[in-house]
2 protein chains.
Amino acid sequence: MTGKISVIGIGPGAYDMMTVRAVRTLEACDCIIGYHVYVDLVRDHFPDKAFLTTPMRREEDRCRMAFEEALKGQDVAFICSGDSGIYGMAGLVYEIAADYPPVAIEVLPGITAASSGAAILGAPLIHDFAVISLSDLLTPWEKIEKRLKCAAEADLGIVLYNPSSRKRADYLERACDILLTILPESRICGTAGNIGREGEETHIYTLGELRHVSVDMFTTVFIGNADTTVINGKMVTPRGYHVERKAND
Amino acid sequence: MTGKISVIGIGPGAYDMMTVRAVRTLEACDCIIGYHVYVDLVRDHFPDKAFLTTPMRREEDRCRMAFEEALKGQDVAFICSGDSGIYGMAGLVYEIAADYPPVAIEVLPGITAASSGAAILGAPLIHDFAVISLSDLLTPWEKIEKRLKCAAEADLGIVLYNPSSRKRADYLERACDILLTILPESRICGTAGNIGREGEETHIYTLGELRHVSVDMFTTVFIGNADTTVINGKMVTPRGYHVERKAND
């Protein structure tokens, strides 16, 4: 009998940031597959499972591994950091499914970095926002640039995923330069690093300052909208107009 | 001694879609405050707690209630549906905190409708996207319109929150008409209703069809990007170029 594949977002990494459903599915599965860094995050909590890993960038191999195990009758927990459906493996699993006999697939969402980073920075995403990855590994840079410009013109809050890597050390600076053609230097921004893990840190900057900040690949960057402000050291975006609050005051 | 306020996103509503940390915090708190619909979703799981509710739209009263209980020494779990930091109460709590003596505040993120809806539709958010609310209660409609246009021009996936209400029955139609000035009628879209609750349903449409669809306030709407497709009945957005996959084939 064929097993099922559960594509699970484990959130930022801490056990208690997984959903109850993710924990129960990991407890019930036969084998856990994922990039070794994420597998190491959950390994100790589910010691009796089989673990299968592949190195970074071997995403397709990892997907095929999941189908091969499921076809052997194993219930597979295929884990991703954050949300499996936001820059996660859920898409590739559905794409690759076409190459195999039918296997039951379910996607279990997790807490994505936009949510977990916002929570430690304050409340930057209380109004409309865009989520944009600065990785040009699979996306032309011109498209990223256009998205940044459009998001700034629309006064959307902006969350930047993958703001940096060894090969892309200046990408955040480049993104800030594009945003600064439209947004003021004073725009409130924030960074959230190592969310929910050792070394967790947040910083609040102006956009002019952010341009000079060096971030690593474990950092998520937040650009406020025109109303975003700092209250008691927290980055806070109010809900629209403020009509309601003023009416009550 | 002053209690603390935990602003908790409970996700789409099912107990098992809360994070472990949300459950533990609800178990440990003294009182649970929220809009009565959300309080009713968790009440049976935490029967020994005090529950305080206010009607819809009394958000500020609800926040003040939380501070008053915390100042009496109660640890307060202040609950929101979805993520407390995405169109949630975390922002208003920080804003209102200025009116009270210092109280410890923490934000516990939850699974927002973009994540939970995407998971049941397939994998529509594997690439960059914007989250836009169609509610013009606190935002001028012109601003919403501009955001829709910019998101479409940027080829972002789009998630529409609050696509409808009794007073705004034609807002999804209006939004589709704006998007159709830029996007083709054939653009893949999806709706996710009553996510994780009784009556859960998903539908996939073209943008031209979506224009004629009537949705309720418990529905979240997804507009694909130019690459979004349907695979085995699931709405799937691939990761950028597909270079990697082709290279491995």
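See the structure shown above.
What counts and what doesn't
Residues numbered from 1 in each chain as written. Chains lettered and ligands numbered in written order. Predicted model: local features only at pLDDT ≥ 70, side-chain atom pairs only at ≥ 80, totals over all residues. Heavy atoms only, no water. Helix = DSSP H or I, 4+ residues; strand = E, 2+ residues; numbered from the N terminus. Rg over C-alpha atoms; globule rule 2.2 N^0.38 Å. Contact = heavy atoms within 4.5 Å. Areas by Shrake-Rupley, 256 points an atom, 1.4 Å probe, with all protein chains shown as cover. Lys, Arg positive; Asp, Glu negative; His and termini not counted. Charge placed at Lys NZ, Arg CZ, Asp CG, Glu CD. Buried < 20%, exposed > 50% of the residue type's maximum accessible area, 1.4 Å probe, protein only. Least-squares fit on C-alpha atoms with pLDDT ≥ 70 in both. Pairing = 2+ DSSP bridges. Buried area = accessible area lost by both parts, 1.4 Å probe. Salt bridge = Lys/Arg side-chain N within 4 Å of Asp/Glu carboxyl O.

A.B. asks: Help me understand the overall build of chain A, please; the structure alone is not making it clear to me.
C.D. replies: The secondary structure content of chain A amounts to nine helices and 13 strands. The globule rule puts the C-alpha radius of gyration for 249 residues at 18 Å, and the 20 Å found for chain A is close to it. Here the contacts in chain A between residues at least 6 apart in sequence split such that 70% fall between residues at least 24 apart. As presented, chain A carries roughly 9,700 Å² of accessible surface, and 49% of it is formed by carbon and sulfur atoms. With 25 positive and 34 negative side-chain charges, chain A shows a separation of 2 Å between the mean positions of the two kinds.

A.B. asks: Just checking my understanding: could you explain helix H4 (residues 90–97) of chain A for this structure?
C.D. replies: Every α-helical turn comprises 3.6 residues, leaving residues that sit three or four positions apart pointing alike. The element H4(A) is largely enclosed, with a buried count of eight among its eight residues. The complete set of buried residues in H4(A) reads A:Ala90, A:Gly91, A:Leu92, A:Val93, A:Tyr94, A:Glu95, A:Ile96 and A:Ala97.

A.B. asks: Help me out: how do you make sense of the relation of the copies chain A and chain B in this one?
C.D. replies: In this arrangement, two copies of a chain are superimposed by a rotation about an axis accompanied by a shift along the axis. With an axial shift of 0.0 Å and an RMSD of 0.0 Å, the rotation relating chain A to chain B amounts to 180 degrees. When the rotation and shift are considered jointly, the pair of chain copies conforms to a two-fold rotation axis. Here 100% of the contact residues of chain A are again contact residues in chain B; the copies associate through an equivalent surface.

A.B. asks: Looking at this structure, I do not really get the sheet that holds strand E6 (residues 122–123) of chain B. What am I missing?
C.D. replies: What links the strands of a sheet is backbone hydrogen bonding, and the strands pair in either a parallel or an antiparallel sense. Residues and elements named next belong to chain B. The strand order across the open sheet built from three strands is E6-E13-E12, with neighbouring strands paired in mixed fashion. Only two strands of the sheet have a single neighbouring strand rather than two, namely E6 and strand E12 (229–231). As paired elements, E12 and strand E13 (residues 234–236) share three bridges and run antiparallel to each other. Looking at the pairing, Ile231 lines up with Lys234 of E13.

A.B. asks: What should I look at first to understand the side chain of B:Thr191 in this one?
C.D. replies: Within the fold, B:Thr191 resides in strand E9 (residues 188–193). Accessibility expressed as a relative area gives 4% for B:Thr191, which makes it buried.

A.B. asks: Explain the interface of chain A and chain B here, please?
C.D. replies: A common measure of how large an interface is: the accessible area buried when the components associate. Counting residues at the interface gives 70 residues for chain A, matched by 70 residues for chain B. Buried surface at the junction of chain A and chain B, summed over both partners, amounts to about 6,500 Å²; 57% is from carbon and sulfur atoms. On the surface where chain A and chain B come into contact, there are eight salt bridges. The closest approach of N and O atoms between B:Glu59 and A:Arg239, which form a salt bridge, is 3.9 Å.

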